[in-house]
Amino acid sequence: MKWTQAALLLPLTLAACKKSLPLSPEPPTWLDSEVDALAHRSAPEAERDGELLRGSSPREGQGERFSVVLDEGRCYYLAGVGDDQIAALTLYLWDPDGSRAETVRGKSGKTVLSHCPEATGMHDIEVKPTRGNGHFALGIFSIAAPTPDPEPVAPPEPEGPDLRSLVEKEAGSSAPGAERVGDFFTDRSDKRDWFAALEVGYCYWWIGAGEPGAIDELTLYLWDPDGRRVTQSKSQSHMVTIGHCPQKGGMHKFQAAIGSGDGKYLVGLYKRRR
């Protein structure tokens, strides 16, 4: 990742009632290792891009902005850690067009924001202590964005039900205004896992359709980046839908499973801004 550190102090008008504590001459030595540890817990496979960005806030609610270049085709994890005087740290991200891309209002002095840019360009990041004031450090970590598995070249299948049309029709009813993410996921094994990078600020729908008359029961499952089951839906028919609005971005696993029957099934992933 190519990026430039242009730390710009963001002047803010603060209410007189907000308290501030005097800053220590130097930030604590443990900040760097805490940033790396926080990022590793959120995304063990991610690697740090460049040096840590450091700043300080003389008053509660006063933050600093940094400008960095984020690349399309990468997913980023911004890990911010404040010193013992910062009780809550909020991270903001703006895209190259100046639109707010992500906001994570931390409930402690350690906060992670994740984002997969849709275009390469200069992004602005703001680190703001929203409870307390003090020194902070921010690390930018990234991994390659997932790419859909190429569909194997196979002989043309005999004409059958148009599963794509079934999924698109259901999407128009269950998720009006949502746009499909990538191509459809398809298989005919008893169960199949796929992965998708989800972003905070969007709601997502997975809509599955099996061959009518061949599949009588279809189930969809979803797990978050920490491996916890988020939701599932078991349908007593060839159609099934689940939805989720992630509070934490990153790689999510979803699974389609045939409960009864045998045949081809297809899953479409759709998203819409919250």
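It should be noted that the structure appears before, not after, this text.
Residues numbered from 1 in each chain as written. Predicted model: local features only at pLDDT ≥ 70, side-chain atom pairs only at ≥ 80, totals over all residues. Heavy atoms only, no water.

*Asks:* Describe the sheet that holds strand β13 (residues 191-198), and please don't skip the residues or the numbers.
*Replies:* The four strands are arranged β13-β18-β15-β16 in an open sheet whose pairing can be described as antiparallel. What marks the edges here is a single partner per strand, and that holds for β13 and β16 (229-235). The mean inter-strand angle of the sheet, taken between neighbouring strand axes irrespective of direction, is 15°. The pairing of strand β15 (residues 215-223) with strand β18 (residues 250-261) spans eight bridges and is antiparallel. Bridging across to β18, Leu-218 finds its partner in Ile-258. (Pairing = 2+ DSSP bridges. Helix = DSSP H or I, 4+ residues; strand = E, 2+ residues; numbered from the N terminus. Axes fitted to C-alpha atoms, helices over the stretch in contact; angles between N-to-C directions.)

*Asks:* Got a sec to walk through the packing of aromatic side chains? Specific residues and values, please.
*Replies:* Inspection of every chain in the model, using the stated rule, returns eight aromatic pairs. Between Phe-185 and Trp-194, the aromatic rings sit 5.5 Å apart at their centres with planes inclined by 55°, giving tilted as the arrangement. Comparing Phe-185 with Trp-194, the two get one shared label, buried. A ring pair is formed by Phe-185 and Phe-254, whose centres lie 5.1 Å apart and whose planes are at 85°; its orientation type is edge-to-face. With a gap of 69 residues between them, Phe-185 in strand β12 (residues 185-187) and Phe-254 in strand β18 connect regions that are remote in the sequence. (Phe/Tyr/Trp six-rings, centres within 6.5 Å; stacked < 30°, edge-to-face > 60°. Buried < 20%, exposed > 50% of the residue type's maximum accessible area, 1.4 Å probe, protein only.)

*Asks:* Explain the layout of surface pockets to me, and be specific about the residues and the numbers.
*Replies:* Here the second largest pocket defines a volume of roughly 460 Å³. As for the second largest pocket, its lining consists of 20 residues, and the residues nearest its centre are Val-104, Thr-111, Val-112, Gln-247 and Lys-248. The set of elements that each furnish at least two residues to the lining of the second largest pocket consists of α1 (31-42), β7 (100-105) and β8 (110-115). Examining the composition of the lining of the second largest pocket, we find that five residues originate from one element, β8, more than from any other. Residue classes in the lining of the second largest pocket are distributed as six nonpolar, nine polar and five charged. (1 Å grid on protein atoms, 1.4 Å probe; cavity = no way out; pocket = protein on both sides within 12 Å on 5 of 7 lines; lining within 4 Å. Points joined across faces, edges and corners; volume = space filled by probe spheres on them. Nonpolar A, V, L, I, M, F, W, Y, C, P; charged D, E, K, R; others polar.)

*Asks:* Account for the pattern of salt bridges, naming residues and giving values.
*Replies:* As enumerated under the stated definition, the model contains 16 salt bridges in all. Of the charged contacts in the structure, one is a salt bridge between Glu-211 and Arg-188, with a shortest N-O distance of 4.0 Å. Here Glu-211, found in the loop between β14 (202-210) and β15, pairs with Arg-188, found in the loop between β12 and β13; they are 23 residues apart in sequence, far enough to count as distant. A relative accessible area of 42% means that Arg-188 is categorised as partly exposed. Between Arg-228 and Asp-226 there is a salt bridge, with the nearest N and O atoms lying 3.1 Å from each other. For Asp-226, a relative accessible area of 35% puts it in the partly exposed group. (Salt bridge = Lys/Arg side-chain N within 4 Å of Asp/Glu carboxyl O.)

*Asks:* Can you lay out the state of the cysteines for me, pointing to particular residues and giving the numbers?
*Replies:* Scanning all chains against the criterion turns up two disulfides. The residue that forms a disulfide with Cys-75 is Cys-116, at a sulfur-sulfur distance of 2.1 Å. Between Cys-75 and Cys-116 the sulfur-sulfur dihedral comes to about 105°; the bridge is accordingly right-handed. Taken as a pair, Cys-75 in strand β5 (residues 74-82) and Cys-116 in the loop between β8 and β9 (121-132) lie far apart in primary sequence, 41 residues in all. Given the relative accessible area of 4%, Cys-75 is considered buried. On the accessibility criterion, Cys-116 (16% relative accessible area) is buried. With its sulfur 1.9 Å from that of its partner, Cys-203 forms a disulfide with Cys-245. (Disulfide = S-S within 2.5 Å.)

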